[in-house]
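Structure assessment
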Amino acid sequence: MASFIDFSQPSFWISAASITFNPTFWNIAARQEYHNKVITKLLGGNSHLGCYALAITIFSLGIFRDYLFNSALDNQPTHPLLAETPIKLSAIPLFLTGNTLVLTSMYALGITGTYLGDYFGILMDAPVTSFPFNVTDAPMYHGSTLSFLATAIWRGRPAGVLLTALVAAAYAVARMYEDPFTSMIYKKREEEREAGKKGL
Ligand SMILES: *[C@@H]1O[C@H](CO)[C@@H](O)[C@H](O)[C@H]1NC(C)=O
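Residues numbered from 1 in each chain as written. Predicted model: local features only at pLDDT ≥ 70, side-chain atom pairs only at ≥ 80, totals over all residues. Heavy atoms only, no water.

Looking up the protein in an unreviewed UniProt entry gives the name Phosphatidyl-N-methylethanolamine N-methyltransferase, with the organism given as Lojkania enalia. UniProt, in the comment section headed Sequence similarities (unreviewed entry), describes the protein in these words: "Belongs to the class VI-like SAM-binding methyltransferase superfamily. PEMT/PEM2 methyltransferase family." Quoted straight from UniProt, the Function (unreviewed entry) entry for the protein says "Catalyzes the second two steps of the methylation pathway of phosphatidylcholine biosynthesis, the SAM-dependent methylation of phosphatidylmonomethylethanolamine (PMME) to phosphatidyldimethylethanolamine (PDME) and of PDME to phosphatidylcholine (PC)." (UniProt positions renumbered as here; feature names shortened; annotations may be inferred.)

Rendered as structure tokens:
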């Protein structure tokens, strides 16, 4: 396997760094917002504006990460196994599934729901349970991972498959931080709602 991945290419490591950096960045930014309202303060106290600014930043970092991933694959060898027709063609349904999961979850959540609005105090009225949330618990992350895998297979690069594994690992770590934190934010809201009822 190792001879099919050229670890001496700086572009491989740059891509790996951006894959690791992105979820790290948005988690630190979102927690800073939650605890100290850093982004909202930067945008003159408007939390919706703050969330949109973070959304644009995360979205742009994602485009850049995809660009670095593709550039890294340009400098990597191909493997004949991945060029086998059935394997190569499997990239198409993987890509379509991945993109469907990402786009439909964005549509279901909206901009603020997709881009960490809950850390800004912009909460959803109720948890989204419609498609694609009824087929997978983290459609955005799983969809994104599938799209990376599809690109790696389509381009026949084992290095792309390895970088995809890093994407999956980075998302798994991100979810270990995000999922309990998000639950805590909503639990707090429930408690406040209950307290509000009692106050009446
Ligand atoms: C998820 O929801 C979609 C549309 O709302 C529906 O067509 C599909 O059957 C549901 N899937 C599951 C596994 O419940």
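**A look at the site of the ligand**
Taken together, the residues surrounding the ligand are F131, N134 and V135. Contact distances for the ligand include 2.3 Å between an oxygen atom and a side-chain N or O atom of N134. Protein chains shield 29% of the accessible area of the ligand, which is 360 Å² for the free molecule. (Near = heavy atom within 4 Å. Polar contact = N/O pair within 3.5 Å; in protein donor to acceptor, adjacent residues only side chain to side chain. Areas by Shrake-Rupley, 256 points an atom, 1.4 Å probe, with all protein chains shown as cover.)

**A closer look at the pattern of salt bridges**
For the structure shown, the criterion picks out 6 salt bridges. The residue K187 makes a salt bridge to E191 at a minimum N-O spacing of 3.6 Å. Here the residue K187 and the residue E191 both occupy positions in helix α7 (residues 158–199), the gap between them amounting to 4 residues, near one helical turn. Given a relative accessible area of 55%, K187 falls into the exposed group. Under the relative-accessibility criterion, E191 is labelled partly exposed at 44%. A salt bridge links E190 to R193; the shortest N-O distance between them is 3.2 Å. Here R193 and E190 lie together in helix α7, a separation of 3 residues that amounts to about one turn. Through salt bridges that share partners, D137, R175 and D179 make up one connected network. (Salt bridge = Lys/Arg side-chain N within 4 Å of Asp/Glu carboxyl O. Helix = DSSP H or I, 4+ residues; strand = E, 2+ residues; numbered from the N terminus. Buried < 20%, exposed > 50% of the residue type's maximum accessible area, 1.4 Å probe, protein only.)

**A closer look at the environment of T182**
As for its placement among the helices and strands, T182 is situated in helix α7. Between the C-alpha atoms of T182 and Y119, which are 63 residues apart in sequence, the distance is 8.0 Å. Leaving out residues up to four positions away in the same chain, T182 has contacts with D118 and Y119. (Contact = heavy atoms within 4.5 Å.)

**Regarding the nonpolar core**
Ranked by size, the top nonpolar core spans 32 residues in total, and within it L54, L116, Y119, F120 and L163 carry the most contacts. Within the residue set of this core, elements represented by two or more residues are α1 (10–36), α3 (47–74), α6 (139–154) and α7. Top element by residues in this core is α7. It accounts for 8 residues. In contact with L163, other than residues within four places in its own chain, are F12, S15, A16, I19, F69 and A72. (Core = buried A, V, L, I, M, F, W, Y, C linked by side-chain atoms within 4.5 Å.)

**Regarding the UniProt feature "binding site: S-adenosyl-L-methionine" (unreviewed entry) in the protein**
Per the UniProt entry, the sites bearing "binding site: S-adenosyl-L-methionine" (unreviewed entry) are L96, T97, G98, E178 and D179 in this numbering. Sequence-wise these annotated residues cover 84 residues; spatially they are dispersed, their C-alpha atoms as much as 26.4 Å apart. Within the fold, L96 resides in helix α5 (residues 85–114). Counting through the fold element by element, G98 comes out in helix α5. What makes G98 buried here is its relative accessible area of 0%. With residues near it in sequence (within four places) discarded, G98 still touches G143, L146 and S147.

**Describing the UniProt feature "transmembrane region" (unreviewed entry) in the protein**
According to UniProt, the positions carrying the feature "transmembrane region" (unreviewed entry) are residues 12–29, 49–69, 89–109 and 153–174. Measuring from the first to the last C-alpha atom of residues 49–69 gives 30 Å, for a span that is 100% helix and 0% strand. Across residues 153–174 one finds 86% helix and 0% strand; the C-alpha atoms that close the span lie 25 Å apart.

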